[in-house]
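# Structure assessment
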Amino acid sequence: MKRIPFLDSHTGGEPTRLIETPPFDLGTGSVVEKLSRLKKEHDDFRTTVLNEPRGSDVLVGALLVEPADPTCQFGVIFFNNVGYLGMCGHGTIGLIASLAYRGRVAEGMVRVETPVGVVEATLHGMSGRAGVERPQNHRIIGNDISAYPNRVSVKNIPAYRYLTHIPVTVAGKTIHGDVAWGGNWFFLVHDHGLDVTMQNIEILQNFAWSVREQLAANGITGKNGAEIDHIELFASTPDANSKSFVLCPGRAYDRSPCGTGTSAKLACLYADGKLQAGQLWKQQSVVGSIFEGSVQVEGEEIIPTITGEAWVMAEGVILVDERDPFGKGF
Ligand code: PYC
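Residues numbered from 1 in each chain as written. Predicted model: local features only at pLDDT ≥ 70, side-chain atom pairs only at ≥ 80, totals over all residues. Heavy atoms only, no water.

## Some points on the site of the ligand
Counted only if it meets this: Residue proximity to a molecule or strand is established when one non-hydrogen atom of the residue lies within 4 Å of it. In protein, a polar contact means a hydrogen-donor-capable atom and an acceptor-capable atom, both N or O and within 3.5 Å, with residues adjacent in sequence counting only if both atoms are side-chain atoms; elsewhere, any N or O pair within 3.5 Å suffices. Reported accessibility uses the Shrake-Rupley method at a 1.4 Å probe radius. Residues are deemed covered only where the shown protein chains occlude them. Numbering of helices and strands runs from the N terminus, with a helix taken as a DSSP run of H or I at least four residues long and a strand as a DSSP run of E at least two residues long. Ten residues, namely Ala, Val, Leu, Ile, Met, Phe, Trp, Tyr, Cys and Pro, are considered nonpolar, four, namely Asp, Glu, Lys and Arg, are considered charged, and the remaining ones, Gly among them, are considered polar. By convention here, the domain bounds are inherited from an automatic or database domain assignment.
What surrounds the ligand is the set C88, G89, H90, H230, C248, D254, C258, G259 and T260. Between D254 and the ligand, the recorded distance is 2.8 Å, taken from a side-chain N or O atom to a nitrogen atom. Taking G259, its main chain carries an N or O atom lying 2.7 Å from an oxygen atom of the ligand. Protein coverage of the free-state accessible area of the ligand, which is 250 Å², stands at 99%. Mapped onto the shell around the ligand, the elements with two or more residues apiece are α3 (89-102) and α5 (259-271). Each residue belonging to the shell around the ligand can be placed in one class, and the counts come to three nonpolar, five polar and one charged. Lining the shell around the ligand are residues from two domains, each supplying at least three of them: domain 1 (2-156 + 311-320) and domain 2 (160-298).

Have a look at this one:
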């Protein structure tokens, strides 16, 4: 029987399953090299940890690995039900809040090596924050988990817009989108005409999936032919600067406002002159959670920072019985 300990959190509703120790040797080298070994030699780890019957398409996994960059405290590989992510904003917030819960990080900044570059995560203190006090009559079973810092800012890798106002026709209707990089590739659409609400979730999901199919069918890609595997549909909201539905690569939708997606959005806003360096932007998810974001300009580069909160919610041990026909997930 194999045993794989995990810690689950959610960031604005979007879950992250953290595995703190790889159950196999990924060798030495950069996180990119470790990812390549993971893909080639241990892809069943991804399906075991994340897919049914233990998980679902909604879960994102975070495998903590040794960084090669000596300025980094941690390395991480993010994955989902269909493959691997470049970066993951909600996942990094979840990772740092989970490590805070474990007592492995203190308030302040840590550098994290990801397959697409180094990000800086700042764990904020709890002083003056509402919601961290234990409510009256709240019964704690076992350890008191009510007092760990959980608000995190992630200074992402540089984001940029690659293509502007690209037409795509779905079911006879032509819409337009920008192609942008925020750590993953995104197609950002405003003129879809759909309600971005939970009541409309199936329509949003089907529409966004069709957009993705049309992008592939028409050879519309990110830089160097990279597949665009995230679709963002924007709408206005009274609660924030913008609200969005984000379709993830495995067809699930992001319950958070999507950290890399918000980064891509900020890069487009900056390129359009609609956002200045340092100006606060609030992005709301389709479930109502909010990330705050802003950009810094360093030379030619637009560097987004995303802030949100994550909550630990479960911990346990995955058991893999070698006799189980579905033990490696499906
Ligand atoms: O927050 O960057 C993100 C993300 C990507 C996929 C799911 N969440």
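## A look at the domain arrangement of the protein
One widely used convention gives an interface's size as the accessible area the parts lose upon coming together. Inclusion rule: When two parts are brought into contact, each loses some accessible area as probed by a 1.4 Å sphere; the total of that loss over both is the buried area.
According to the domain assignment, the protein contains domain 1 (2-156 + 311-320) and domain 2 (160-298). For domain 1 and domain 2, the distance between their C-alpha centres works out to 24 Å. Carbon and sulfur atoms make up 53% of the surface buried where domain 1 meets domain 2, a total of about 1300 Å² over both sides. Interface area lost by domain 1 to domain 2 is led by G12, E14 and N156, which between them contribute 27%.

## As for the packing of aromatic side chains
So the rule is basically this: Only Phe, Tyr and Trp rings take part, Trp by its six-membered ring, and two of them pair if their centres are within 6.5 Å. Stacked means planes under 30 degrees apart, edge-to-face means over 60, and tilted covers everything else. Each residue is assigned to one of three classes by its accessible area relative to the maximum for its type, calculated with a 1.4 Å probe on protein chains only: buried under 20%, partly exposed between the two thresholds, exposed over 50%.
What the rule picks out here adds up to nine aromatic pairs. Measuring from ring centre to ring centre gives 6.4 Å for F79 and Y84, while their planes differ by 50°; the resulting arrangement is tilted. Among the residues examined, F79 registers a relative accessible area of 0% and is labelled buried. Ring geometry for Y162 against W185: centres 5.6 Å apart, planes inclined by 65°, an arrangement best described as edge-to-face. Pair noted here: Y162 is in strand β9 (residues 160-170) and W185 is in strand β11 (residues 185-189), with a separation of 23 residues, a long-range link. For Y162, a relative accessible area of 34% puts it in the partly exposed group.

## Some points on the pattern of salt bridges
Inclusion rule: Any carboxyl oxygen of Asp or Glu that lies within 4 Å of a side-chain nitrogen of Lys or Arg is treated as forming a salt bridge with it.
Evaluated as defined, the whole model comprises 14 salt bridges. The closest approach of N and O atoms between K328 and D44, which form a salt bridge, is 3.2 Å. In this pair, K328 is assigned in the segment after β16 (301-320) and D44 in helix α2 (residues 43-50), connecting sequence segments 284 residues apart. Judged by its relative accessible area of 45%, K328 is partly exposed. In this structure, R151 engages E309 in a salt bridge whose closest nitrogen and oxygen atoms are separated by 3.7 Å. Taken as a pair, R151 in strand β8 (residues 151-155) and E309 in strand β16 lie far apart in primary sequence, 158 residues in all. Judged by relative accessible area, which is 22%, R151 ranks as partly exposed. A relative accessible area of 24% means that E309 is categorised as partly exposed. One salt-bridge network, held together by shared partners, links E20, R102, R104 and E315.

## Focus on the side chain of K265
The criterion, for reference: Two residue types count as positive, namely Lys and Arg, and two as negative, namely Asp and Glu; His and chain ends fall outside the count. What makes two residues a contact is simply this: any of their non-hydrogen atoms within 4.5 Å.
Locating K265 in the fold gives a position in helix α5. In this structure, K265 is buried with no salt-bridge partner, the nearest side chain bearing the opposite charge being D272 at 7.6 Å. Setting aside residues no more than four positions away along its own chain, K265 makes contact with L188, H190, F234, S242, W281 and Q283.

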